[in-house]
Amino acid sequence: ILLIKKIYYRMGGGRKRKASSSTTSSASSARAHNDDDDDDTTQHSRRRQRLTSSVSRSQEQKTSDNMWGGSGSSSGRRRGGSTRGASYRSSGTTNSVPAINEAAATKMFTKIADNDDPYVASMEGISTLCEDLGIDPMEDVRILVLMWKMGANKTPAQINKDEWIQGCTKLQVDSIDKIKALLPSLDTGFLDQTEFKDFFKFCFQFNREGTHRTLDKDLVVAIMQMVLKGRIANERLDTFTTFLEESKEESYSRITLDQWTSFLDFCYECEDIADYDEATSAWPVLIDEYVEYMEKKG
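For the structure given in this document, a descriptive report is provided here. (Residues numbered from 1 in each chain as written. Predicted model: local features only at pLDDT ≥ 70, side-chain atom pairs only at ≥ 80, totals over all residues. Heavy atoms only, no water.)

**Digging into the packing of helix 11 (residues 234-246) against helix 13 (residues 285-297)**
Alright, step 1. The contact between helix 11 and helix 13 brings their axes to 10 Å, and the two run at 105°. Here helix 13 runs roughly perpendicular to helix 11, going by the angle between their axes. Contacts from Arg-236, Thr-239, Phe-240, Thr-242, Phe-243, Leu-244 and Glu-246 of helix 11 reach helix 13 at Leu-286, Glu-289, Tyr-290, Tyr-293 and Met-294. (Axes fitted to C-alpha atoms, helices over the stretch in contact; angles between N-to-C directions. Helix = DSSP H or I, 4+ residues; strand = E, 2+ residues; numbered from the N terminus. Parallel < 35°, antiparallel > 145°, perpendicular 65-115°, else oblique. Contact = heavy atoms within 4.5 Å.)

**A few points about the pattern of salt bridges**
Alright, step 1. Taken as a whole and judged by the stated rule, the model has 4 salt bridges.
Alright, step 2. Between Lys-111 and Asp-132 there is a salt bridge whose closest N-O contact spans 3.1 Å. Of this pair, Lys-111 sits in helix 4 (residues 102-112) while Asp-132 sits in helix 5 (residues 123-133), and the two are 21 residues apart along the sequence.
Alright, step 3. Judged by relative accessible area, Lys-111 falls into the exposed class, the value being 55%.
Alright, step 4. One salt bridge in this structure joins Lys-197 and Asp-265, with 3.2 Å as the shortest N-O distance. Remark: Asp-265 occurs in helix 12 (residues 257-269) and Lys-197 occurs in helix 9 (residues 193-206); sequence separation between them is 68 residues. (Salt bridge = Lys/Arg side-chain N within 4 Å of Asp/Glu carboxyl O. Buried < 20%, exposed > 50% of the residue type's maximum accessible area, 1.4 Å probe, protein only.)

**Structural notes on the packing of aromatic side chains**
For any two aromatic rings, the description comes down to two numbers: the centre-to-centre distance and the angle of the planes.
Alright, step 1. Tallied over the entire structure, the rule returns 16 aromatic pairs.
Alright, step 2. Between Phe-240 and Phe-243, the ring centres sit 6.1 Å apart and the planes meet at 45°, which makes this aromatic pair tilted. With Phe-240 and Phe-243 both in helix 11 and 3 residues apart, the pair spans about one turn of that helix. By the burial criterion, Phe-240 is buried, and Phe-243 matches it. (Phe/Tyr/Trp six-rings, centres within 6.5 Å; stacked < 30°, edge-to-face > 60°.)

**Concerning helix 13**
Alright, step 1. If you check helix 13, its first and last C-alpha atoms are 18 Å apart, about what 13 residues at 1.5 Å a residue would give, namely 18 Å.
Alright, step 2. Every buried residue of helix 13 is listed here: Leu-286, Ile-287, Asp-288, Tyr-290, Val-291, Tyr-293 and Met-294.
Alright, step 3. Downstream of helix 13 by one or two residues, Gly-298 has phi in the positive range, about 80°. (Expected span 1.5 Å × (residues − 1).)

**Re the environment of Val-145**
Alright, step 1. Within the fold, Val-145 resides in helix 6 (residues 142-150).
Alright, step 2. By relative accessible area, Val-145 is classed as buried at 1%.
Alright, step 3. On a C-alpha basis, the gap between Val-145 and Phe-202 in space is 9.3 Å, while along the polypeptide they are 57 residues apart.
Alright, step 4. Look past the residues within four positions of Val-145 in its chain and what remains in contact with it is Leu-186, Thr-188 and Phe-199.

**Things to note about the side chain of Thr-188**
Alright, step 1. Among the secondary structure elements, Thr-188 is positioned in the loop between helix 8 (176-182) and helix 9.
Alright, step 2. If we skip the residues at most four places from it in the chain, Thr-188 touches Val-141, Val-145, Phe-196, Phe-199 and Arg-231.

**Some details on the packing of helix 10 (residues 217-227) against helix 11**
When two helices pack together, their arrangement is captured by the angle between the axes and the distance separating the axes.
Alright, step 1. Put simply, helix 10 and helix 11 touch, their axes get as near as 10 Å, and they point 170° apart. Classified by the angle their axes make, helix 10 and helix 11 are roughly antiparallel. Contact residues: helix 10 offers Lys-217, Val-220, Val-221, Met-224 and Gln-225, while helix 11 offers Leu-237, Asp-238, Phe-240, Thr-241, Leu-244 and Glu-245.
Alright, step 2. Grouping the constituent residues of the contact of helix 10 with helix 11 by class yields 6 nonpolar, 2 polar and 3 charged. (Nonpolar A, V, L, I, M, F, W, Y, C, P; charged D, E, K, R; others polar.)

**Re the nonpolar core**
Alright, step 1. Core analysis: the biggest nonpolar cluster contains 68 residues, and Leu-146, Met-147, Trp-164, Phe-199, Met-224, Val-227 and Leu-228 have the highest contact counts within it.
Alright, step 2. Those residues in contact with Phe-199, other than ones at most four positions away along the chain, are Val-141, Leu-144, Val-145, Trp-148, Thr-188, Leu-191 and Val-227. (Core = buried A, V, L, I, M, F, W, Y, C linked by side-chain atoms within 4.5 Å.)

**A short note on the state of the cysteines**
Alright, step 1. Inspection of every chain in the model, using the stated rule, returns 0 disulfides.
Alright, step 2. Cys-267 takes part in no disulfide bond, and the closest cysteine sulfur to it belongs to Cys-270, at a distance of 9.0 Å.
Alright, step 3. For Cys-267, a relative accessible area of 9% gives the class buried. (Disulfide = S-S within 2.5 Å.)

**Section: a negative patch on the surface**
Alright, step 1. A cluster of acidic side chains, namely Glu-209, Asp-216, Asp-218, Glu-245 and Glu-246, defines a negative patch on the protein surface.
Alright, step 2. Looking at where Asp-218 falls in the secondary structure, it is placed in helix 10.
Alright, step 3. Among the residues examined, Asp-218 registers a relative accessible area of 51% and is labelled exposed. (Patch = residues over 30% accessible without salt bridge, like charges linked within 9 Å, V, L, I, M, F, W, Y side chains within 5 Å. Areas by Shrake-Rupley, 256 points an atom, 1.4 Å probe, with all protein chains shown as cover. Lys, Arg positive; Asp, Glu negative; His and termini not counted. Charge placed at Lys NZ, Arg CZ, Asp CG, Glu CD.)

**Some thoughts on helix 11**
Alright, step 1. With 13 residues, helix 11 extends 18 Å from end C-alpha to end C-alpha; this agrees with the ideal 18 Å at 1.5 Å per step.
Alright, step 2. All of the buried residues along helix 11 are Arg-236, Leu-237, Thr-239, Phe-240, Thr-241, Phe-243 and Leu-244.
Alright, step 3. Among the structural elements, helix 10, strand 4 (254-255), helix 12 and helix 13 are those in contact with the buried residues of helix 11.

If you want it as structure tokens, here you go:
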């Protein structure tokens, strides 16, 4: 308020200054008077600069709050937009996701981690997890759904520590008991068609060996029987896996990702083989030969 009043007086809104009674002031008095005016003007200018700077900082702070979803202190950003020295954790989750006991989640991971590399848990460790959960890793598809939901995508046949912690945060689990309670919701029946297609692709990638980009057909048969049961017609699943097992074609000894995903698409788009038209289809040759196999069987 005082600042506004001073500005008001400086602009002529207050009491008028008394007019000088002498017109013969000395040059030194005039200079002194001018210096006083200059000082007043300078002080007024500085006040306006401080006021403008204060408003700007306030606007910048509001903008920062809107951008980062909270106060400047919670985002770890300094006022003025500087990020130098800022440290904040980015978990990849929204602010609405409650925190978990990360120490407890880490302890779970430590138990299943490899002895020679405590940063990763390979299939041996995942099998140990299955034992703790009371499920069979060779027959229970829910362990694959769990790995998929946790985001175990970086390297085939393993989950690393970062993926584990992020996955536990996403699923809100930090103990074996909580994962056990989650198991019923991991049934593939809860996945819609789009989600299941993504999960089906993950199953191929997760079961690759090292740098191999294909899967042995025996492994393909085993995984398909576990993953597709209940998602496609049993007859289609059984006849296709039998076709693979009986095939003598060397090219089908290993299955590619395109052949893998195309079979699921084929099941969705061609429920009745009688409707299959090889002349207009764009399916892999594997699908064409499976249809011929079925036609010969009558």
